[in-house]
Every structure is written in C-alpha cells, then in structure tokens.
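Chain residues, written in single-letter form:
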Amino acid sequence: MKNVTMISRRSFLKAAMAASAVSALAFTGCGGSASSTVAASSTAASAAAEGGQTFKVGIVNYVDHASLNQIVESVESRLDELGAEKGVTFDYADYYANAQADQSNLNQIGADLVGDGVDVIVAVATPTAATMLAAVEDTDIPVVYSAVTDPAAAGFDGEENITGTSDALNTEAIMNLITAVNPDIDTIGLLYDLSQDASTQAIADAKAFCDTNGIKYIEKNGTTTAEVQMAAEALIASGVKAVFTPTDNTVMTAELSIYETFTEAGVQHYTGADSFALNGAFVGYGVDYVQLGEATADMVAELLCEGKTTADLPYQTFDNGIVTINTETCEALGLDLDTVKEAFKPYCTEIVEVTTAENFS
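Below, the structure is looked at part by part. Predicted model, so just to flag it, every value in this text is computed and none were measured. (Residues numbered from 1 in each chain as written. Predicted model: local features only at pLDDT ≥ 70, side-chain atom pairs only at ≥ 80, totals over all residues. Heavy atoms only, no water.)

**Examining a negative patch on the surface**
Part 1 of the reasoning: A cluster of like negative charges, contributed by E137, D138, E159 and E160, occupies part of the molecular surface.
Part 2 of the reasoning: Residue E159 is classed as partly exposed on the basis of its relative accessible area, which comes to 39%. (Patch = residues over 30% accessible without salt bridge, like charges linked within 9 Å, V, L, I, M, F, W, Y side chains within 5 Å. Areas by Shrake-Rupley, 256 points an atom, 1.4 Å probe, with all protein chains shown as cover. Salt bridge = Lys/Arg side-chain N within 4 Å of Asp/Glu carboxyl O. Lys, Arg positive; Asp, Glu negative; His and termini not counted. Charge placed at Lys NZ, Arg CZ, Asp CG, Glu CD. Buried < 20%, exposed > 50% of the residue type's maximum accessible area, 1.4 Å probe, protein only.)

Here you go:
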C-alpha cells in the first residue's frame, strides 16, 4: 500500500461497522493537529506531568491479527485508566496506524508520527520497533515496543531511546506439554515463517529439545496465509501427530485458515500464545497478551508522567505459565479434556478453557 489515508482509528471503525464489513483493519495514518514539536516531546518526557496535560501517543501495529490486536486494545484501555488516575489525557486515537505487514507503510508511518511531534511511539512487534527506532533518530521521541520476542537479538537491548515488553517464549514448557499428552511421540512438526525474528530462537530451542529426547522433527515454512496452509497440509501428509508454532505473526494471521485442516486430520497444534487457541489451535501457552499490553502502557506513563527515561526502564519479560486449551478443538481431536488437563498440570501454573472466536479482546 503506497498511499496513506489520514483518518482516525475511531472514524475508521465507525465506517467499518456501518458497512458491516468483516475484513482486516485498513491502514490508518495520523490525523489531528500537529501543534506540538519534537522539542516539546522531549520536554514533556523529561518532566513529571502536570494535571490537564495531553500527550500524543503514537501506536503502530505491524499487522492485523489476534495477538497483536489484543496488545493494542490492552494498551489503549490501560492508557485510558492511567489518564483518569493521573488527570492527563493520552491521545492515541488520532495517532494509531496499522502497517499491514508492509515495510513501505512502516516507513511512512514513522515519518508521519515524527512530523506530528508525538510524545512517544508504541511499536507492536519487532519489525515495527526497528522501523520506529530508525524514524526517531536525531529526535528525543522514545519508542516503547511490545511483543518483541528477542530484544537483544533485534539490537534493542542497550540501545538509547527504546525499551518495552518482550513476549519471549518458554519453548521447553510447550514441548513438555506435547510429550505429556503424547508420551510415545516420535516426530513433531515445526510450522513457522523463516523471516520472523520471533521464531528463530524458539525453533532452535524446539530442535534442541527434540534432539535431546530422541524425537525427530519436520520443518515446514510459509510467508503468506496460502503458503502456511500448504505447509500445514504438507505436515499432515508427513504423518506428524503434533505441530509446534512459536509466537509467529504469519502463522497467527493464518490460524483461522488452518486450524480445521489440522483438527480434521487429528493433528494437535501447540502454539506460543493464547490468541492462537482463541482462533482454533488446540493449545496456546505463554505470555498473556492483555498483561503484556498493560505493562507496555505502564511504561509509557512512567516516561511521560513521571519523568523517567528509557534508560531507567529495562525491558520486561513474562513467564506466567498459562496454558489455554480450546475445548471445541480438544473434543474434535477425540481427546478427553479432563485427561489433558491432568497431563498439563505439572508444566503450568494455570489452565484456561476457551472456544474458537474469530474476533476477541
């Protein structure tokens, strides 16, 4: 998408509802006034907030899918709460944009937000964070990322003017779930996008687990929903009984297209987030994306309202050990829910039951 349509997110959502369209969010840009400058952003970030202040908060989503949308909604909700508590306004509605996984869109969004003199940019997912960090070079606008799986590998750890929250995955815990339900399993499928930084370490960890435990693995990749669908079918044809996917944006986007394919073939899909399970996967494990978004918003408030800097706020990781089971998928796979839950108990702190939903918050 080369042209940028400058409309607020709220206006877009109203129009979408009126049209009763069920589609991905269109790319939205930065409307509203541009009265504050980059210098003003620096001043606002360096001193405690005064009552009645309004802060411009840019929120940039990488692509429209369940996990990342959950984060955005959580950030916005928490900012509303914090604004009411502190007597300030966090204006994010005029500065929200969705890049729809297009690098040219990301570049344009970053330039627009800097031009609008936002006080902070919330960057959701690793490619977004990298582009926003480049965009704010030579400015004092801080970047607070969310859902960056490996900040060190991405080059953010120790970098000035950036911090945030990581959805780093405990891969061994998920692999333990697979073997708990399938103690005699001899082959596990690995489904991911090779270009997704979020998948790199988790897949390496999954391979190491398999090697250590004498389990073979079969890798299949896809960079689009159609390719992921073909990769899923290839894994089924190879005879795997279980498939592992980390916090992979591409596969998450495709989950609604592939979960029935896996389920009908009797293949259990174990994934790195509860949102996968909400979109039909058998199991999601790991970070609660609502909690992740709330923590991201808290960091934004600390920067803007308490005079802290990114150097004062090291990035946060979460390991809450929550397993999310899709009960409809569990039944369709012919598994007994109580037996599955009992097998999972040693490897998690909490078990949540969900059913499939195309949209959720």
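**Topic: the nonpolar core**
Part 1 of the reasoning: In terms of nonpolar packing, the biggest core is built from 73 residues, with V57, F90 and L191 touching the most fellow members.
Part 2 of the reasoning: For this core, the element with the highest residue contribution is helix α11 (residues 289-305), accounting for ten residues.
Part 3 of the reasoning: Apart from residues lying up to four places away in sequence, V57 is in contact with L79, F90, D91, Y92, Y95, V120, V122, V300 and L304.
Part 4 of the reasoning: Core analysis: the next-biggest nonpolar cluster, separate from the first, contains 30 residues, I174, M175, C330 and F344 among them. (Core = buried A, V, L, I, M, F, W, Y, C linked by side-chain atoms within 4.5 Å. Helix = DSSP H or I, 4+ residues; strand = E, 2+ residues; numbered from the N terminus. Contact = heavy atoms within 4.5 Å.)

**Thoughts on the sheet that holds strand β9 (residues 242-245)**
Part 1 of the reasoning: Pairing in this open sheet of seven strands is mixed, and the strands run β8-β7-β9-β10-β11-β13-β14 from one edge to the other. Since the sheet does not close on itself, it has two edges, and those belong to β8 (216-221) and β14 (350-354), each with one partner. The mean inter-strand angle of the sheet, taken between neighbouring strand axes irrespective of direction, is 20°.
Part 2 of the reasoning: Most of the contacts of helix α7 (residues 197-212) go to strand β7 (residues 187-192), to which it runs at about 175°, and overall it touches β7, β8 and β9. (Pairing = 2+ DSSP bridges. Axes fitted to C-alpha atoms, helices over the stretch in contact; angles between N-to-C directions.)

**A look at the packing of helix α6 (residues 171-181) against α7**
Part 1 of the reasoning: Contact geometry for α6 and α7: axes closest at 9 Å, N-to-C directions at 45°. Between α6 and α7, the angle is such that the two are oblique. Crossing of α6 over α7 shows right-handed handedness. When α6 is examined against α7, the residues T171, E172, M175, N176 and T179 are found in contact with a partner set consisting of A202, D205, A206, F209 and C210.
Part 2 of the reasoning: By residue class, the composition of the contact of α6 with α7 is five nonpolar, three polar and two charged. (Parallel < 35°, antiparallel > 145°, perpendicular 65-115°, else oblique. Left-handed = near helix turned anticlockwise from the far one by under 90°. Nonpolar A, V, L, I, M, F, W, Y, C, P; charged D, E, K, R; others polar.)

**Digging into the pairing of strand β1 (residues 54-61)**
When a strand is regular, its side chains alternate between the sheet's two faces.
Part 1 of the reasoning: In terms of residue burial, β1 counts as a mostly covered element, since seven of its eight residues are buried.
Part 2 of the reasoning: Pairing geometry for β1 and strand β2 (residues 89-91), over three bridges, is parallel. Counted as the bridge partner of F55 is F90 from β2.
Part 3 of the reasoning: Once you follow β1 into helix α3 (residues 66-86) and on to β2, the crossover reads as right-handed.
Part 4 of the reasoning: Here β1 runs beside strand β4 (residues 120-124); their pairing, made up of five bridges, is parallel. (Right-handed = clockwise from strand over helix to strand, strands pointing away.)

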